[in-house]
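# Survey of secondary and tertiary structure
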Amino acid sequence: MKYVLILFTVISVIAFSSKLICAGNGSEACVTHCTEAASANYTEGTDAWSAYFNGCMRTCWMK
């Protein structure tokens, strides 16, 4: 069940991120953006939080 939740979370991030996320300059901007987004949706340190964060980082784009 845990893996189904993680897979669903990753698919959700990719589906809702059809456009690349422009978070600002440098990789730190992506880390900040994705950390805040993941924390707004899930409890930090959980598998779901990690899956959301990783999916976000894959779609994050820097200028």
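What comes next is a walk through the structure. (Residues numbered from 1 in each chain as written. Predicted model: local features only at pLDDT ≥ 70, side-chain atom pairs only at ≥ 80, totals over all residues. Heavy atoms only, no water.)

### Some points on the state of the cysteines
What counts, and what does not: When the sulfur atoms of two cysteines come within 2.5 Å, that pair is taken as a disulfide. For helices the rule is a DSSP run of H or I covering at least 4 residues; for strands it is a run of E covering at least 2, with both sets numbered from the N terminus onward. A simple rule labels every residue: compare its accessible area, found with a 1.4 Å probe on the protein chains alone, to the largest value its type can have, and call it buried under 20%, exposed over 50%, or partly exposed in between.
By the definition in use, this model includes two disulfides. Residue Cys30 pairs covalently with Cys60 via a disulfide, S to S 1.8 Å. When the S-S torsion is -95°, as for the bridge of Cys30 with Cys60, the disulfide is left-handed. On the criterion of sequence distance, the pair formed by Cys30 in helix H2 (residues 27-41) and Cys60 in strand E2 (residues 60-61) is long-range, its members being 30 residues apart. Between the sulfur atoms of Cys34 and its disulfide partner Cys56 the distance amounts to 2.1 Å. Judged by the torsion about the S-S bond (-75°), the Cys34/Cys56 disulfide is left-handed. With a gap of 22 residues between them, Cys34 in helix H2 and Cys56 in helix H3 (residues 47-59) connect regions that are remote in the sequence. For the pair shown, Cys34 and Cys56 are each scored as buried. Sequence-ordered numbering of the disulfide-bonded cysteines in the chain gives the connectivity 1-4, 2-3.

### What about the packing of aromatic side chains?
Heads up, the condition is: Here a Phe, Tyr or Trp ring, Trp counted by its six-membered ring, pairs with any other such ring whose centre lies within 6.5 Å, and the pair is stacked when the planes are under 30 degrees apart, edge-to-face when over 60, and tilted otherwise.
Evaluation of the coordinates by the stated rule reveals two aromatic pairs. Their ring planes at 55° and their centres at 5.7 Å tell us that Tyr42 and Tyr52 sit as a pair that is tilted. Taken together, the residues Tyr42 in the loop between H2 and H3 and Tyr52 in helix H3 connect sequence positions ten residues apart. Taking the relative accessible area as the measure of exposure, Tyr42 reaches 28% and is therefore partly exposed. An angle of 5° between the planes, with centres 5.3 Å apart, marks the rings of Trp49 and Phe53 as stacked. Linking Trp49 with Phe53, this pair stays in helix H3, spanning four residues, or about one helical turn. A residue is classified by how much of its surface remains accessible, and Trp49, at 10% relative accessible area, is buried. Residue Phe53 is classed as buried on the basis of its relative accessible area of 16%.

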